[in-house]
Structures are given as C-alpha cells and as structure tokens.
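If you want the building blocks of each chain, they are given just below.
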Amino acid sequence: MFEKLKQRWKVNGINLLLIITTFALGGSLCGYAGRKIMALTNIDKGTLWVVLYIILVTLLWPMAVLLVSYPLGQFGFFKRYIGRVFKRLGTDRGHDGFNRLTPDIRIAIFASGAGSNAQQIINHFSSSSSVKIALIVCNKPGAGILNIASQQGIPSLLIERERFFNGDNYLPELKAHQIDFIVLAGFLWKIPEALIKAYPKKMVNIHPALLPKYGGKGMFGHYVHEAVINNKEQESGITIHYVDELYDHGAVIFQAVCAVEDNDTATTLAQKIQVLEHTHFAKVIEDVLQK
Ligand code: GRF
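Analysis parameters
- Residues numbered from 1 in each chain as written.
- Predicted model: local features only at pLDDT ≥ 70, side-chain atom pairs only at ≥ 80, totals over all residues.
- Heavy atoms only, no water.
- Core = buried A, V, L, I, M, F, W, Y, C linked by side-chain atoms within 4.5 Å.
- Buried < 20%, exposed > 50% of the residue type's maximum accessible area, 1.4 Å probe, protein only.
- Helix = DSSP H or I, 4+ residues; strand = E, 2+ residues; numbered from the N terminus.
- Contact = heavy atoms within 4.5 Å.
- Near = heavy atom within 4 Å.
- Polar contact = N/O pair within 3.5 Å; in protein donor to acceptor, adjacent residues only side chain to side chain.
- Areas by Shrake-Rupley, 256 points an atom, 1.4 Å probe, with all protein chains shown as cover.
- Nonpolar A, V, L, I, M, F, W, Y, C, P; charged D, E, K, R; others polar.
- Phe/Tyr/Trp six-rings, centres within 6.5 Å; stacked < 30°, edge-to-face > 60°.
- Expected span 1.5 Å × (residues − 1).
- Pairing = 2+ DSSP bridges.
- Axes fitted to C-alpha atoms, helices over the stretch in contact; angles between N-to-C directions.

*Asks:* Provide a residue-level description of the nonpolar core, including the pertinent values.
*Replies:* Core analysis: the biggest nonpolar cluster contains 43 residues, and I107, I109, V183 and I285 have the highest contact counts within it. The element contributing the most residues to this core is helix α11 (residues 266-290), with 9 residues. With residues up to four places along the chain from it excluded, the contact list for I285 reads I107, I121, F125, F181, V183 and V204. Listed in part, the 22 residues of the second largest apolar core include A108, F110, A134 and W189.

In structure tokens form, the structure reads like this:
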C-alpha cells in the first residue's frame, strides 16, 4: 500500500511519512476546532448538530491540513492535493468554462513523426492519478505516432491543413476531449493564433537545439544538427519552451546541454539530443503542470 502511495504521489519514503503525519494531525486539529466551535452554538447534540458539525469540519479541513503541512515542509504537496480535491468536487471549470466531472489534467500531444518523445510522456504519466494523455493529434497519415496511439488505446485525430489553418483549428475536437494542455513533440506545422489564444501558457514545445540559436522555419530534424556541426559549435542541447505565434520563439522553460565533439556527425548528435529529450521532457511537463 505504501509503495503504491509513493508511486501515485511521486514522493520518497520520508515525505510519505510526513504527508501521513500531516493528514493525521490536520484531521485531529480540524475535529478539535470543529467541536470547540459547535460548543459555542448551544445546539443540542442531535441530527442538526451532526449535520452542522460535518459541514463545519469539511470547511475547516483544508485550512487545518495546510496549517499543519507548513512546519512539516509539505505545504506544496497539500496545496496541489487540496486543489485536486476541489476539482473532484466539480468546482473547477477548466480553462474553457467546462464543468468537468473528471479530476485529470488532460493533455493532447501533437506529433507528426516517430513519436519517441510522445511514448516517453505516455509512459511517464501512465500511473498518474491526475494527468492523462487524452488525445494524439497528427498531421501525417502513417506516422509512427499513430501506431503508438492505437497500441496505447489513446484516441487520435488526423488533421488536415485547410481546416487547421483556415477553419476552426480543430478547437471543437479539443474541447470535446476536454483538453487542458497541449504538448508539441515533433509537430512541424506552425500553430494558428486562435489555438495559441485558446491555450495561453498551456502549450509547450521541445526543440532539439539551444534556442534562440538554430530555431525558426526550416530548422527541424537533421537540418538543426547539420547546422550546429557546420558551425563548429562546442555544445548543443534541447530547449523546452512555451509556444507563441512565432516558430521556436516562446519563453524558455528549460534547457539541457550536451557537448559536440569533433567527430560528431548529425546522426551521433541527434542520438545525444534524443537522450536528453527522453530524460527531461516528461519531467519538465510535470513541473509546468504543477505551477
Ligand atoms: C524531436 O527531436 C523534437 O525535439 C523535435 O522533433 C523530434 C521528434 O522526435 N521537435 P520523436 O518523433 O518524438 O521521436
């Protein structure tokens, strides 16, 4: 049971102990405060007393655990935990005003290639109770990512240029799937402004170089690595950034660096970069979601 909780909450043993202690102390504090407040009301101990007491402790509980969590160093965890509880109660309406019944943050991954990054992200969140990869969006029939989607039982959406750029940008489908957050993982089309506006600070991209260098139109795949090698750069890396109206331009969230050796080719550099991508991308997404 403890192992399951550690995995579910992504915490180590010590933090799990502190979290359980917070639950216990917060619960006791809340019960104690609830009884003291009820004593001030002079209501007889009957059905009404019980109903009011339950309502009172329900209201007091978040404050009590947050209070106790602070000295135990678990405030961040409980802030997120209580946020999720409120979502479950249906008070969260999502970015688009939907009243949702599910507690998850629902991610759409946009990809048009092999999908190795998408696969890592799917693996990373597969045991998450709060994040779900809910949709794969692809613009290339036959792309590897579509196989991954069907193997993993994730719905996929094959999109067409005309509707994406000049139509409704597939926003109705994204809404129908209750998408909260978009991850671009090897998606080569520019994102239309309306879509960016619909997901402010809720869309991230990964680029296989250290932006602002080697970004922009035409800078993708082996073109990036060839340019890095031709310019005799000493290092390259990855950039994870928010998406704005320009190619590879939004605010940088994270970068990781690798050395470019004299004997590196575009292929060997691509391999090094892919290791960095697979190591960091999903974790960075998780951090962004927790902000
Ligand atoms: C990655 O190198 C990523 O940086 C870039 O597109 C590539 C996608 O690779 N944006 P994969 O399809 O995830 O294997």
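*Asks:* Pulling in residues and values, what's your account of the site of the ligand?
*Replies:* As a matter of local geometry, the ligand sits amid G113, A114, G115, S116, N117, G186, I206, H207, P208 and E277. Within the contact set of the ligand, an oxygen atom lies 2.8 Å away from a backbone nitrogen or oxygen of N117. In this structure, E277 approaches the ligand through a side-chain N or O atom, which is 2.3 Å from an oxygen atom. In the complex, the protein chains occlude 80% of the 370 Å² of accessible area that the ligand would expose alone. When residues of the shell around the ligand are traced back to their parent elements, those giving at least two are α5 (116-125) and β5 (203-207). When the residues that make up the shell around the ligand are grouped by side-chain class, the tally is 3 nonpolar, 6 polar and 1 charged.

*Asks:* So, unusual backbone geometry: which residues are in play, and what are the values?
*Replies:* The phi torsion of most residues other than glycine is negative, and most of the peptide bonds are trans. Here the bond from L211 into P212 is cis, since omega is 15°, no more than 30 degrees from zero. You can see P212 is positioned in the loop between β5 and α10 (221-230). We note that Q178 has phi near 55°; this positive angle belongs to a residue other than glycine. Within the secondary structure, Q178 sits in the loop between α8 (171-176) and β4 (181-184).

*Asks:* How would you explain the packing of aromatic side chains if you had to name every residue and give the values?
*Replies:* Across all of its chains, the model carries 15 aromatic pairs by this definition. Judged by centre distance (6.3 Å) and plane angle (20°), the ring pair of F23 and W61 falls under stacked. Of this pair, F23 sits in helix α2 (residues 13-39) while W61 sits in helix α3 (residues 47-69); the two residues are 38 residues apart in sequence, bridging distant segments of the chain. The partly exposed category is assigned to W61, whose relative accessible area is 23%. Considering the side-chain rings of F23 and Y81, the 5.4 Å spacing of their centres and the 80° angle between planes classify their relative orientation as edge-to-face.

*Asks:* Give me the lowdown on α2, citing residues and values where you can.
*Replies:* In an α-helix, one turn spans 3.6 residues; hence positions three or four apart end up facing the same way. For α2, which comprises 27 residues, the first-to-last C-alpha distance of 39 Å matches the rise-based estimate of 39 Å (1.5 Å per residue) to within 8%. Within α2, burial applies to L16, I19, T22, G26, C30, G31, G34 and M38. For α2, the side-chain oxygen to backbone nitrogen distance between the N-cap and I14 is 3.3 Å, and the N-cap itself is N12.

*Asks:* Describe in detail the sheet that holds strand β1 (residues 105-110), supporting the description with residues and values.
*Replies:* With mixed pairing, 7 strands are arranged side by side in an open sheet as β3-β2-β1-β4-β5-β6-β7. This sheet does not close on itself; its edge strands, each paired only once, are β3 (156-158) and β7 (252-259). Between one strand and the next, the sheet's axes are offset by a mean angle of 20°, whatever the strand orientation. Of the pairings in the sheet, the one linking β4 to β5 comprises 3 bridges and is parallel in character. The residue of β5 that forms the bridge with V183 is V204. Relative to the sheet, α5 contacts β1, β2 (131-138), β4 and β5, its axis offset from that of β2 by approximately 160°. On the sheet, helix α6 (residues 144-152) packs against β2 and β3 and is oriented at approximately 140° with respect to β2.

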